[in-house]
Amino acid sequence: MKYVSTRGLADTLSFEEVTLTGLARDGGLYMPASLPKMSFDDIRALRGLPYAEAAFRVIRPFVEGSLTDAELKAMLDETYGDTFRHASTAPLNQIGANDWLLELFHGPTLAFKDFALQLLGRFFDHFTARQGKRLTILGATSGDTGSAAIEAVRACENVSIFMLHPKGRVSEVQRRQMTTILAPNVVNIAVEGTFDDCQALVKAAFNDHAFRDEVSLGAVNSINWARVMAQIVYYFTAAVSLGAPERPVSFSVPTGNFGDIFAGYIARGMGLPIERLVIATNANDILARTLKTGSYAMGDVHATISPSMDIQISSNFERLMFDLAGRDGAAVRAYMDTFAANRSFSFAPAEYAALKDLFSAARVDDKETSATMQAVYKASGYVADPHTAVGIRAAEVCLPATGTPRVTLSTAHPAKFGAAVKAAVGVDPVLPAHLADLLGREERYQTLPNDLNALKALMRAGGRS
Ligand SMILES: Cc1ncc(COP(=O)(O)O)c(C=O)c1O
Ligand SMILES: N[C@@H](CCOP(=O)(O)O)C(=O)O
């Protein structure tokens, strides 16, 4: 499998190279040169398989030429074996006659990010050892990627990680999940700014080619194709559990950086019968507005009770733009240049029509999020986290109540957002045993202004200020 950049100017790479490269050198994101297809027979054959085996069948074509079957199998068995606390890894939980939650929070850091990052850590170990290379990871987090990435690489021999989070804008549990990991290869940085500022710093560091080569920069955000790839799998396992390929399924996906829902879009492109994909946003609604108007226009970042989605610039949207624009890198460059200059651009009419054909979208504010948490709790006793509640409400708004099953991705454990959950439903969600003493652990992190030079200096000094 070969990978091409959305901006059309960077080298075509193998899976191994893409995984270690992160952002393409032309500033774009890597995409598979063509999508592997799964026939209805292939999809049917996933029924009842252990998660790791289903993952093997879905992921195998994407890594072709970089990993042998035996290597991939071993990594998937390790990733989805003991590290997840639920026997079915990604269980479905029925909360209404036609409504299911796909619970993706049974991994070590209690959010869907573990599905991809536990695997990515193993790819890093394997490829850096094979190449005799060290990697300096620079990541940005609105709360969940950070802890999942740190957990995944803390024991990697050839990797160090610098993780940026927006100061005061992540929950206490999220912050502590990152800052209490005191391993020598982990540096946590609170940036005086928003998640978008953190993500812009990461991209600016990658676009500084001299610096990127000097420190051998790598990515754990969904900039890295391997992240999206791993997240494709659970769309297949959920859909076949509900009767696919004979019965189509719709998914509602709490969305920030557009990575998780983009994985659903890829699953559909591979042949999975997905009737509708719903983009569920909180008050940071750039994507819902884009669906309504055809213009992708930057707004202000609002702090919400679903803080992991407090994002305006959705990194992976560029991957969709690439497809909408007929995989024309020059067209994507023109859109991104217009966006950089004006903070907005408008899709050509045919592309806008295609976008609306592919996705629905809804904006769910904090009041509706809390009301949804209350309604779900009252109806079924289920305690949903606020991000999941955004997804549940968006499914209600965008999808018919009967017919095609509605599956909402449940992206985080409620205990990560205890204060918001308590305020909405009066229940104090309990952290699992391995995190029970989290609030008493020693924390270590540094604070930096939103400044690339300050960040580069800190990284050059190995995290010692
Ligand atoms: C709990 C939670 N839900 C949803 C999202 C949105 O996912 P994505 O950024 O892939 O759209 C995030 C962060 O990315 C998250 O941490
Ligand atoms: N919500 C994310 C933001 C980063 O998204 P990513 O999927 O690109 O890593 C977070 O929790 O950090």
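Not measured: the values here are computed from a predicted model.

Conventions and cut-offs
Residues numbered from 1 in each chain as written. Chains lettered and ligands numbered in written order. Predicted model: local features only at pLDDT ≥ 70, side-chain atom pairs only at ≥ 80, totals over all residues. Heavy atoms only, no water. Helix = DSSP H or I, 4+ residues; strand = E, 2+ residues; numbered from the N terminus. Buried < 20%, exposed > 50% of the residue type's maximum accessible area, 1.4 Å probe, protein only. Contact = heavy atoms within 4.5 Å. Areas by Shrake-Rupley, 256 points an atom, 1.4 Å probe, with all protein chains shown as cover. Pairing = 2+ DSSP bridges. Right-handed = clockwise from strand over helix to strand, strands pointing away. Near = heavy atom within 4 Å. Polar contact = N/O pair within 3.5 Å; in protein donor to acceptor, adjacent residues only side chain to side chain. 1 Å grid on protein atoms, 1.4 Å probe; cavity = no way out; pocket = protein on both sides within 12 Å on 5 of 7 lines; lining within 4 Å. Sits in = over half its atoms within 2 Å of the grid points. Nonpolar A, V, L, I, M, F, W, Y, C, P; charged D, E, K, R; others polar. pLDDT = per-residue confidence, 0-100. UniProt positions renumbered as here; feature names shortened; annotations may be inferred. Points joined across faces, edges and corners; volume = space filled by probe spheres on them. Axes fitted to C-alpha atoms, helices over the stretch in contact; angles between N-to-C directions.

1. As for the overall build of the protein chain
Okay, step 1: Of the regular secondary structure elements, the protein chain holds 19 helices and 16 strands.
Okay, step 2: Principal axes of the C-alpha set define a box for the protein chain whose edges measure 55 × 50 × 50 Å.
Okay, step 3: Looking at the protein chain residue by residue over its 465 residues, the buried ones come to 61%.
Okay, step 4: Contacts spanning at least 24 positions in sequence make up 75% of the contacts within the protein chain whose residues lie at least 6 apart.
Okay, step 5: When the accessible area of the protein chain is evaluated, it comes to approximately 16,400 Å², of which 50% is carbon and sulfur surface.

2. A short note on the pairing of strand β6 (residues 135–140)
The side chains of a regular strand alternate, residue by residue, between the two faces of the sheet.
Okay, step 1: Among the 6 residues of β6, 6 are classified as buried, and the element is accordingly described as predominantly covered.
Okay, step 2: Relative to strand β7 (residues 159–166), β6 runs parallel, the two being bridged by 6 bridges. Within β7, the residue paired with L135 across the bridge is V159.
Okay, step 3: In this view, the connection linking β6 to its parallel neighbour β7 by way of helix α6 (residues 144–153) has right-handed handedness.
Okay, step 4: In this sheet, strand β9 (residues 217–218) lies alongside β6 in parallel orientation, the contact comprising 2 bridges. Across the sheet, residue I137 finds its bridge partner in β9, namely G218.

3. Brief notes about the site of ligand 2
Okay, step 1: Around ligand 2, the structure places 13 residues, and the nearest of them are T141, D144, T145, N221 and S222.
Okay, step 2: S142 is positioned with one of its side-chain polar atoms (N or O) 2.8 Å from a nitrogen atom of ligand 2.
Okay, step 3: Measuring from an oxygen atom of ligand 2, one finds a backbone N or O atom of D144 at 2.7 Å.
Okay, step 4: Protein coverage of the free-state accessible area of ligand 2, which is 340 Å², stands at 95%.
Okay, step 5: When each cavity is represented as a set of grid points, ligand 2 is found to reside in the largest cavity.
Okay, step 6: Here the shell around ligand 2 is built from residues that sort into 2 nonpolar, 8 polar and 3 charged.

4. Comments concerning the confidence of the model for the protein chain
In low-pLDDT segments, the atomic positions of the prediction should not be examined closely.
Okay, step 1: With 100% of its residues at a pLDDT of 70 or more, the protein chain shows a mean pLDDT of 97.
Okay, step 2: Our summary of model confidence lists the complex with pTM equal to 0.98 and ipTM equal to 0.99.

5. A short note on the UniProt feature "modified residue: N6-(pyridoxal phosphate)lysine" (unreviewed entry) in the protein chain
Okay, step 1: In this numbering, the UniProt entry assigns the feature "modified residue: N6-(pyridoxal phosphate)lysine" (unreviewed entry) to K113.
Okay, step 2: Take K113: its relative accessible area is 15%, and that puts it in the buried class.
Okay, step 3: Apart from the residues within four sequence positions on either side, K113 is in contact with D144, T145, A148 and R227.

6. Let's talk about the environment of S252
Okay, step 1: Locating S252 in the fold gives a position in strand β10 (residues 249–254).
Okay, step 2: Along the backbone, S252 and T89 are 163 residues apart, and their C-alpha atoms lie at a distance of 19 Å.
Okay, step 3: If we skip the residues at most four places from it in the chain, S252 touches V278, A280, G391, A394, A395, V407, T408 and L409.

7. Some thoughts on empty space enclosed by the protein
Okay, step 1: Applying the stated rule across the entire model yields 3 cavities of 30 Å³ or more.
Okay, step 2: One number sums up the size of the largest cavity: a volume of about 310 Å³.
Okay, step 3: Lining of the largest cavity is provided by 27 residues; of these, F112, K113, G256, N257 and S308 occupy positions nearest its centre.
Okay, step 4: The set of elements that each furnish at least two residues to the lining of the largest cavity consists of α6, α10 (225–241) and α11 (259–270).
Okay, step 5: For the lining of the largest cavity, the element with the most residues is α11, which contributes 3 residues.
Okay, step 6: Within the lining of the largest cavity, the residues separate by chemical class into 9 nonpolar, 14 polar and 4 charged.
Okay, step 7: Considered as a void within the structure, the second largest cavity measures approximately 40 Å³ in volume.
Okay, step 8: In terms of lining residues, the second largest cavity is bounded by S142, P166, R169, T194, F195, V301, P307 and D310.
Okay, step 9: Here the residues of the lining of the second largest cavity sort into 4 nonpolar, 2 polar and 2 charged.

8. Some details on the layout of surface pockets
Okay, step 1: In this structure, the largest pocket encloses a volume near 500 Å³.
Okay, step 2: Around the largest pocket, the lining comprises 23 residues; the ones closest to its centre are R7, K203, I313, M336 and F339.
Okay, step 3: Looking at the lining of the largest pocket, the elements that each hand over two or more residues are α8 (195–207), α13 (317–324) and α14 (329–342).
Okay, step 4: Among the elements that take part in the lining of the largest pocket, α8 stands out by supplying 6 residues, more than any other.
Okay, step 5: The calculated volume of the second largest pocket comes to roughly 240 Å³.
Okay, step 6: In terms of lining residues, the second largest pocket is bounded by A10, D11, L13, L20, T21, R25, Y30, K133, R212, D213, S216 and L217.
Okay, step 7: Sorting the residues of the lining of the second largest pocket by element identifies α1 (15–21) and α9 (209–215) as the ones contributing at least two each.
Okay, step 8: Among the residues forming the lining of the second largest pocket, the class breakdown is 5 nonpolar, 2 polar and 5 charged.

9. Considerations on the sheet that holds strand β8 (residues 186–192)
Okay, step 1: The strand order β9-β6-β7-β8-β16 describes an open sheet built from 5 strands, whose pairing is parallel. Edge positions in the open sheet fall to β9 and β16 (446–449), since each of these has one partner strand only.
Okay, step 2: Sheet strands touched by helix α7 (residues 172–179): β7 and β8. Its angle to β7, the strand with the most contacts, is close to 160°.

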